[in-house]
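Examination of the molecular architecture
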Amino acid sequence: MNFLAHLYLAGDDEDLLVGNFIADAVKGNKYKTYPERISKGILMHREVDYFSDNNEVYLKSVHRLQHIYGKYSGVITDMFYDYFLAANWNKFSDKRLDVFCKEMYRILSSRKKDMPEESSIILDYMMKRDWLYSYSEIEGIRNALNGMSRRMKYYFPMDNAASELESNPAPYNQDFLEFFPLLMNHIAPHKR
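The following paragraphs examine the structure supplied in this document. Keep in mind that this is a model prediction, so the values were computed, not measured.

1. A few points about the overall build of the protein chain
- Broken down by element type, the protein chain carries twelve helices and zero strands.
- Relative to the globule expectation of 16 Å for 192 residues, the C-alpha radius of gyration of the protein chain, 16 Å, shows essentially globular dimensions.
- With respect to the principal axes defined by its C-alpha atoms, the protein chain has extents near 45 × 35 × 35 Å.
- The buried share of the protein chain, taken over its 192 residues, is 50%.
- Of all intrachain contacts in the protein chain linking residues separated by at least 6 positions in sequence, the fraction that spans at least 24 positions is 68%.

2. Brief notes about the nonpolar core
- Residues L132 and F180 are the most contacted members of the largest nonpolar core, which totals 65 residues.
- With eight residues, helix α5 (residues 73–87) is the single largest residue contributor to this core.
- Leaving out residues up to four positions away in the same chain, L132 has contacts with F3, L4, L7, C101, M104, Y105 and M126.

3. Comments concerning the packing of aromatic side chains
- One pass over the full model with this rule turns up 17 aromatic pairs.
- When the ring of Y58 is compared with that of Y81, the centres are 5.5 Å apart and the planes differ by 90°; the resulting orientation is edge-to-face. Here the residue Y58 occupies a position in helix α4 (residues 56–69), and Y81 occupies one in helix α5, the gap between them amounting to 23 residues.
- Summarising the aromatic geometry, the rings of Y72 and F156 are spaced 4.6 Å apart at their centres and angled 25° between planes, so their arrangement reads as stacked. With Y72 in the loop between α4 and α5 and F156 in the loop between α10 (138–151) and α11 (161–167), this residue pair connects regions lying 84 residues apart in the sequence.
- Classification of Y72 by relative accessible area gives buried; the value is 17%.
- The rings of Y8, F51, Y58, Y81, W89, F92, F100, F176, F179 and F180 are connected pair by pair, giving a single aromatic cluster.
- When the ring centre of Y172 is taken as origin, the NZ or CZ atom of R64, which lies over that ring, is 4.9 Å away.

4. What about the environment of E118?
- Tracing the backbone shows E118 in helix α8 (residues 117–129).
- Sequence separation of E118 and V26 is 92 residues, and the distance between their C-alpha atoms is 9.6 Å.

5. Here we look at helix α7 (residues 97–110)
- End to end, α7 covers 20 Å across 14 residues, agreeing with the expected 20 Å (1.5 Å per residue, within 8%).
- Regarding α7, the residues found buried are L97, F100, C101, M104, Y105, I107 and L108.
- As for α7, its buried residues are in contact with α1 (3–10), α2 (14–22), α5, α6 (89–92), α8 and α9 (131–134).

6. Observations concerning the environment of G147
- Position of G147 among the secondary structure elements: in helix α10.
- When the C-alpha atoms of G147 and M126 are compared, they prove to be 12 Å apart, with 21 residues separating the residues in sequence.

7. Section: the side chain of T77
- By the secondary structure assignment, T77 is in helix α5.
- Among residues more than four places away in sequence, those in contact with T77 are Y58, S61, V62 and L65.

8. Brief notes about the packing of helix α3 (residues 36–53) against helix α12 (residues 169–187)
- Running from N to C, α3 and α12 point in directions that differ by 140°, and their axes come no closer than 11 Å. With respect to their mutual orientation, α3 and α12 come out oblique. For the pair α3 and α12, the crossing hand works out as right-handed. Along the contact surface, α3 presents M44, E47, V48, F51 and S52, while α12 presents F179, L182, L183, H186 and I187.
- For the contact of α3 with α12, the per-class residue count stands at seven nonpolar, two polar and one charged.

9. Details of a positive patch on the surface
- Judged by side-chain charge, K128, R129, R150 and R151 come together as a positively charged surface patch.
- The topology assignment puts K128 in helix α8.
- Owing to a relative accessible area of 68%, K128 belongs among the exposed residues under this scheme.

What counts and what doesn't
Residues numbered from 1 in each chain as written. Predicted model: local features only at pLDDT ≥ 70, side-chain atom pairs only at ≥ 80, totals over all residues. Heavy atoms only, no water. Helix = DSSP H or I, 4+ residues; strand = E, 2+ residues; numbered from the N terminus. Rg over C-alpha atoms; globule rule 2.2 N^0.38 Å. Buried < 20%, exposed > 50% of the residue type's maximum accessible area, 1.4 Å probe, protein only. Contact = heavy atoms within 4.5 Å. Core = buried A, V, L, I, M, F, W, Y, C linked by side-chain atoms within 4.5 Å. Phe/Tyr/Trp six-rings, centres within 6.5 Å; stacked < 30°, edge-to-face > 60°. Lys NZ or Arg CZ within 6 Å of the ring centre and 35° of its normal. Expected span 1.5 Å × (residues − 1). Axes fitted to C-alpha atoms, helices over the stretch in contact; angles between N-to-C directions. Parallel < 35°, antiparallel > 145°, perpendicular 65-115°, else oblique. Left-handed = near helix turned anticlockwise from the far one by under 90°. Nonpolar A, V, L, I, M, F, W, Y, C, P; charged D, E, K, R; others polar. Patch = residues over 30% accessible without salt bridge, like charges linked within 9 Å, V, L, I, M, F, W, Y side chains within 5 Å. Areas by Shrake-Rupley, 256 points an atom, 1.4 Å probe, with all protein chains shown as cover. Salt bridge = Lys/Arg side-chain N within 4 Å of Asp/Glu carboxyl O. Lys, Arg positive; Asp, Glu negative; His and termini not counted. Charge placed at Lys NZ, Arg CZ, Asp CG, Glu CD.

Following this line, the structure appears as structure tokens:
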């Protein structure tokens, strides 16, 4: 899962939102240096990733991409699933997607003091380019994958995967719709 899914899954708890957002920048046991609910959000983010990486439905999507994208297939699947969360937003939320995105930016920007510098910088880019809402468009996914490709030590054109999303969306959407409710049920106890 990428940013949109992690933030959606965190619910209305601001500390869980912050923890989920900063989790990739907090390595090892450093989560213990944060307040309890932010730590819980970091661990929740890790649990989402662990559950996804070990779920047979999610892995169907990964394997579909693996022959071309190899070890990057999981990252690409995460982006595809954010696209399908946006595409199916009304099935999961009563709040409009654009309203949700603006609310996330407002909350996260008000909590920058709780973030590592890396997360704060990412948030600035995210808000400036409206990443969360852009995941609702294939071009937004292409741009996100291109940005990831350019930031990698050794460039790999992950953005080419957007063509697969464009030409063959149905099996990925089907996988997502089967997988996401399983993830929601699994993660619900981690919010308490």
